[in-house]
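So the chains spell out like this:
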Amino acid sequence: MEEGKKLVVLTHGGAGSDPAFADGTAIAGQICMMSLQSGEPIIDSACQAVATLEDDGRFNAGIGSHKRNDDTVQMDASCMDSSGTFGAVAALEGFKNPIHVARIVSQSEYKMLVGRGANQFAANQGCQTLSPNQIIGTGADFSTTDTVGCVVRAGDQFACALSTGGIDDAIPGRVGDVPLIGCGLYAGPDGAVAATGDGEAIAMQVTALRAYQLIEQGMDPKAIVPTVIAWFKETTAFGIIVVSKIGFAGGVNCSMAWTASEMLH
Ligand code: ASP
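Residues numbered from 1 in each chain as written. Predicted model: local features only at pLDDT ≥ 70, side-chain atom pairs only at ≥ 80, totals over all residues. Heavy atoms only, no water.

Asker: Got a sec to walk through the nonpolar core? Specific residues and values, please.
Answerer: If you look at the biggest cluster of nonpolar residues, it comprises 38 residues, and the most contacted ones within it are Leu36, Val89, Ile99, Cys150 and Val152. In terms of residues, this core owes the most to one element, helix H2 (residues 42-54), which gives eight residues. The residues touching Leu36, leaving out its near neighbours within four places in the chain, are Leu7, Val9, Ile42, Ser45, Val152 and Ala154. With 17 residues, the next largest nonpolar core counts Ile202, Val228, Ile229 and Ile240 among its residues. (Core = buried A, V, L, I, M, F, W, Y, C linked by side-chain atoms within 4.5 Å. Buried < 20%, exposed > 50% of the residue type's maximum accessible area, 1.4 Å probe, protein only. Helix = DSSP H or I, 4+ residues; strand = E, 2+ residues; numbered from the N terminus. Contact = heavy atoms within 4.5 Å.)

Now the structure itself:
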């Protein structure tokens, strides 16, 4: 009998998020799983999970995005798959699902669009807008929550996606690791990685690419997670989810809502 294709989905609500919000990451994971089962491209399934988290309101992305210190909201998002597709937006303003804009960028001749140009691109593509009064804005009313993310395996394919409102109270124009390939996320033929936490520290460690290199070396994700967490000071918030052909794992040095599911299809 032909063996089924292994489907694995991990979703997180960011380093610092309340583990009690794992119902939200679980629903995002289920939506991703249904998308995979219906035959959607793996990168679109990962983006579906992240869009669900952007719409949740309890996480620092989409309608839950943190405000900058001038009261504006600027959002970063990115997606990648193991066939070499990558797209990102940074400092996007006024759109409901930055991850959808990042996905459209990945289908264009560009890899990353920022600021005014990203806004214009999203408007030209008919992406759904978001007015400032529709933003719930986490941070002030919730315990600090961070980036949302997803990693996916579908047989021998991998994908990942991230979205964030950035660090609470940062100056406008600040961009962290999320849209930077190999920093916040990386996917290749051997697996996928998504990070969350202090974006400056994550970028300076080139975290996701170096974690992916551990996958390439054959390390089990259950060993990769504590290894990578140890690259960061205990006081620097950091979390990570990893999937490979060997298995999957997630972990954090503070708190994090995250869930994983697997099935044969
Ligand atoms: N890494 C994101 C950023 O620095 C936010 C987070 O996950 O904490 O923008």
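Asker: Requested: an account of the packing of helix H1 (residues 22-37) against H2, with residues and values cited.
Answerer: The N-to-C vectors of H1 and H2 enclose an angle of 155 degrees; their axes lie 8 Å apart at closest approach. With respect to each other, H1 and H2 are oriented roughly antiparallel. H1 and H2 meet at a crossing whose hand is right-handed. Within the contact between the two elements, H1 uses Gly24, Thr25, Ile27, Ala28, Ile31, Cys32, Ser35 and Leu36 and H2 uses Ile42, Ser45, Ala46, Gln48, Ala49, Thr52 and Leu53. A class-by-class count of the residues in the contact of H1 with H2 yields nine nonpolar, six polar and no charged. (Axes fitted to C-alpha atoms, helices over the stretch in contact; angles between N-to-C directions. Parallel < 35°, antiparallel > 145°, perpendicular 65-115°, else oblique. Left-handed = near helix turned anticlockwise from the far one by under 90°. Nonpolar A, V, L, I, M, F, W, Y, C, P; charged D, E, K, R; others polar.)

Asker: Explain the environment of Val9 to me, using residue names and the numbers behind them.
Answerer: If you trace the backbone, Val9 turns up in strand S1 (residues 6-12). Once the C-alpha coordinates of Val9 and Phe248 are considered, the two residues, 239 residues apart in sequence, prove to be 9.0 Å apart. The contacts of Val9, once residues within four sequence positions are left out, are Gly29, Cys32, Met33, Leu36, Cys150, Val151, Val152, Thr259, Ala260 and Ser261.

Asker: Residue-level account of the side chain of Ser78, with values.
Answerer: Note that Ser78 resides in strand S2 (residues 75-81). In contact with Ser78, not counting residues within four places along its chain, are Phe86, Gly87, Ala88, Ile99, Ala102, Cys160, Ala161, Leu162, Val178, Pro179 and Leu185.

Asker: So what about the packing of aromatic side chains? Which residues, and what values?
Answerer: Across all of its chains, the model carries three aromatic pairs by this definition. Seen in terms of ring centroids, Phe21 and Phe59 are 6.0 Å apart; in terms of plane orientation they differ by 85 degrees. Their pairing is edge-to-face. Separated by 38 residues along the polypeptide, Phe21 in the loop between S1 and H1 and Phe59 in the loop between H2 and S2 bring together distant segments of the chain. Of the residues examined, Phe21 reaches a relative accessible area of 12% and is grouped as buried. Given the relative accessible area of 0%, Phe59 is considered buried. Judged by centre distance (5.0 Å) and plane angle (55 degrees), the ring pair of Tyr186 and Tyr212 falls under tilted. Of this pair, Tyr186 sits in strand S7 (residues 185-188) while Tyr212 sits in helix H6 (residues 207-216); the two residues are 26 residues apart in sequence, bridging distant segments of the chain. What makes Tyr212 buried here is its relative accessible area of 3%. A cation sits over an aromatic face here: Arg210 above Trp231, 3.9 Å from the ring centre. (Phe/Tyr/Trp six-rings, centres within 6.5 Å; stacked < 30°, edge-to-face > 60°. Lys NZ or Arg CZ within 6 Å of the ring centre and 35° of its normal.)

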